[in-house]
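Okay, here's what each chain looks like letter by letter:
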Amino acid sequence: MTARDTDLTAAIARVVEARRGETLRLLQDFVRVPCVTGDEGAVQEVVAAAFAESRLAVERVSATPEGIAPYHDHVGEETRFANRPNIVGIRRGAGGGRSILLNGHVDTVEVGDPATWTRDPLGGEIVGDRLYGRGACDMKGGIVSFIAALETLDALGIRLRGDVTVAATVGEEDGGVGALAVILAGYRADAVLITEPTRLALVPAQGGSLVFRLTVPGRAAHAAVRDEGVSALEAFLPIFEDLRALERDRNATLDHPLYAAIANKVPINIGVVRAGNWASTVPESLVAEGRIGLIPGEEVAPFRAFIEERIFGVAAQNRWLVENPPTLEWFGGQFAPAEVPADAPICRAVMAAHERVTGAPPTVAGVPYGADMRLFIRLGEMPCVMYGAGDVNHAHRADEHISVPELLTATRTIAHLLIDWCGVAE
Ligand SMILES: [Zn+2]
């Protein structure tokens, strides 16, 4: 690093620290407006005001039923469209630099039972190094980190060459209708950074997930003569066992360097089982709903065909099921996995920025869950990675919180990334 670089790194650190109070106040403002998926209108007014305050040109983009209809396979079915704007902010650069799109979702999961929280779920309380509240970590903190990075550059009088677009999107927890709407509206950049909580790891790969419903027929009979009937539950059990075996096999054989450290990289979960209607009746049908994980490199259509073959292969061992075959439906979002090469320019840029701020390169890892990243890569055809403050293990549960030092480190990294990626105007 040259002396000038060192000065810049120190100056960014100084400004981010000096702006700490404003940054945390903004996150508190965001956390105090509830915005469970489907009900994001109120928080988006606060976000739009914050973008405008940061001298971004604010645009609103809403999904429409007609626009989304061809993409149900990618984002699932949407039931609500009214008052769910995505807020896009644009800062034109001086020209001649690479552009970037910084994205975060504003929607959160429900608070859950407030009695299980030791802090006010919508309070934004700061205790020690933590800021508490639903969405603090996943991922209002991430949105605040890129706003604070832009503010930091402003405070230092740094004007960028490339365009910066920021997007606060809705509906991520439910499939990503907001990110899709932004992509369909034509917003593009040379790279996309999503500031999901990755604990400051660079995430260039995300898993996929497929949701299915299996209906297994049986034949009802009075329990007193149960052998006259066929239990749909008992017919299902070998299929369930085989799915467990499949999960074990896949974990043992699938090979992806970014997933090597994850014990269960492709979980198969049976989340719903409904069978029978009365304690003294042999269950005449069973419905099981589950979710199967994929890693990058696997494609949805052939994988679905493979799973069908596997389930019907087990059913073929059961005479009843041969004559009364189960049915398998794929419903809801069918989320494809996605990745960008670990040596892609945006990966190298994020790694370099992180290293300048922290003195060490970041962890680089894949994640087993799906996020909006896949939409930017697969539908928007833009390289997209995730990097942000917060630990996903603290999301979606009581006492959700974000580490304040991590939030400020992410802010510094993003400020450096913007300088390196977009270039600085003279
Ligand atoms: Zn998230």
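Cut-offs and rules
Residues numbered from 1 in each chain as written. Predicted model: local features only at pLDDT ≥ 70, side-chain atom pairs only at ≥ 80, totals over all residues. Heavy atoms only, no water. UniProt positions renumbered as here; feature names shortened; annotations may be inferred. Donors = N, O, S within 2.8 Å, 3.2 Å for Na, K, Ca; no water. Helix = DSSP H or I, 4+ residues; strand = E, 2+ residues; numbered from the N terminus. Buried < 20%, exposed > 50% of the residue type's maximum accessible area, 1.4 Å probe, protein only. Core = buried A, V, L, I, M, F, W, Y, C linked by side-chain atoms within 4.5 Å. Salt bridge = Lys/Arg side-chain N within 4 Å of Asp/Glu carboxyl O. Pairing = 2+ DSSP bridges. Contact = heavy atoms within 4.5 Å. Axes fitted to C-alpha atoms, helices over the stretch in contact; angles between N-to-C directions. Polar contact = N/O pair within 3.5 Å; in protein donor to acceptor, adjacent residues only side chain to side chain.

In the annotation of an unreviewed UniProt entry, the protein is listed under the name Probable succinyl-diaminopimelate desuccinylase and assigned to uncultured Thermomicrobiales bacterium. Its UniProt record gives the protein a comment under Catalytic activity (unreviewed entry), which states: "N-succinyl-(2S,6S)-2,6-diaminopimelate + H2O = (2S,6S)-2,6-diaminopimelate + succinate". UniProt, in its Pathway (unreviewed entry) section for the protein, records the words "Amino-acid biosynthesis; L-lysine biosynthesis via DAP pathway; LL-2,6-diaminopimelate from (S)-tetrahydrodipicolinate (succinylase route): step 3/3."

A. Spotlight on the coordination of the zinc ion. Protein coordination of the zinc ion is provided by His105 (NE2), Asp138 (OD), Glu196 (OE) and Glu196 (OE), with donor distances spanning 1.9 to 2.7 Å. Here the donor residues of the zinc ion share one chain and are spaced in sequence as H-x32-D-x57-E. A residue pair is termed long-range when its members are at least 10 positions apart, and histidine 105 in strand S3 (residues 100–105) and glutamate 196 in the loop between strand S7 (192–194) and strand S8 (202–206) qualify at 91 residues. With respect to class, histidine 105 is no different from glutamate 196; both count as buried.

B. Just the nonpolar core, in detail. Counting 92 residues, the largest nonpolar core has Phe51, Ile100, Val164, Phe376, Leu417 and Leu418 as the members making the most contacts within it. Per element, the largest residue contribution to this core is 11 residues, and it comes from helix H13 (residues 404–422). Membership of the second largest hydrophobic core comes to 28 residues, among which are Ala288, Leu294, Val314 and Ala315.

C. Representation of the UniProt feature "domain: Peptidase M20 dimerisation" (unreviewed entry) in the protein within the structure. Following the UniProt record, one finds the feature "domain: Peptidase M20 dimerisation" (unreviewed entry) at residues 207–310. Taken end to end, residues 207–310 is 32% helix and 27% strand, and its two terminal C-alpha atoms sit 21 Å from one another.

D. Geometry of the pattern of salt bridges. Taken as a whole and judged by the stated rule, the model has 19 salt bridges. In this structure, glutamate 45 and arginine 60 form a salt bridge, with 3.1 Å as the shortest nitrogen-oxygen distance. Taken together, the residues span a long stretch of sequence, with glutamate 45 in helix H3 (residues 41–53) and arginine 60 in strand S1 (residues 57–61) at a distance of 15 residues. The class for arginine 60 is partly exposed, based on a relative accessible area of 47%. Note that aspartate 242 is salt-bridged to arginine 310, the shortest N-O span being 2.8 Å. In this pair, aspartate 242 sits in helix H8 (residues 232–253) while arginine 310 sits in helix H9 (residues 300–315), placing the two residues 68 residues apart along the sequence.

E. Layout of the sheet that holds strand S5 (residues 130–132). The three strands lie next to each other as S4-S5-S16, forming an open sheet whose pairing is antiparallel. The open sheet terminates on both sides in strands that have one partner only, identified here as strand S4 (126–127) and strand S16 (401–403). Looking at chain direction, S5 and S16 are connected through three bridges and run antiparallel. Considered in S16, the bridge of leucine 131 is made with isoleucine 402. With respect to the sheet, helix H2 (residues 20–31) is in contact with S4, S5 and S16, its orientation differing from that of S5 by roughly 20°. Relative to S16, H13 is tilted by about 60°, and along the sheet it contacts S5 and S16.

F. Spotlight on unusual backbone geometry. Of note, the amide linkage connecting aspartate 138 to methionine 139 takes the cis form, showing an omega dihedral of -10°. Among the secondary structure elements, methionine 139 is positioned in helix H6 (residues 136–155). One non-glycine residue, arginine 55, lies in the positive phi region at around 55°. Relative to the helices and strands, arginine 55 resides in the loop between H3 and S1. Despite not being glycine, asparagine 83 has its phi angle at roughly 55°, a positive value. Structurally, the position occupied by asparagine 83 is in the loop between helix H5 (72–75) and strand S2 (86–91).

G. Here's a closer look at the environment of arginine 378. The topology assignment puts arginine 378 in helix H12 (residues 373–378). Assessed through its relative accessible area of 32%, arginine 378 is described here as partly exposed. C-alpha of arginine 378 to C-alpha of valine 404: the two residues are 26 residues apart in sequence and 33 Å apart in space. Apart from the residues lying within four places of it in its own chain, the contact partners of arginine 378 are Glu299, Ala336, Pro337 and Ala338. Here the side chain of arginine 378 touches glutamate 299 through a polar contact of 2.9 Å, side chain to side chain.

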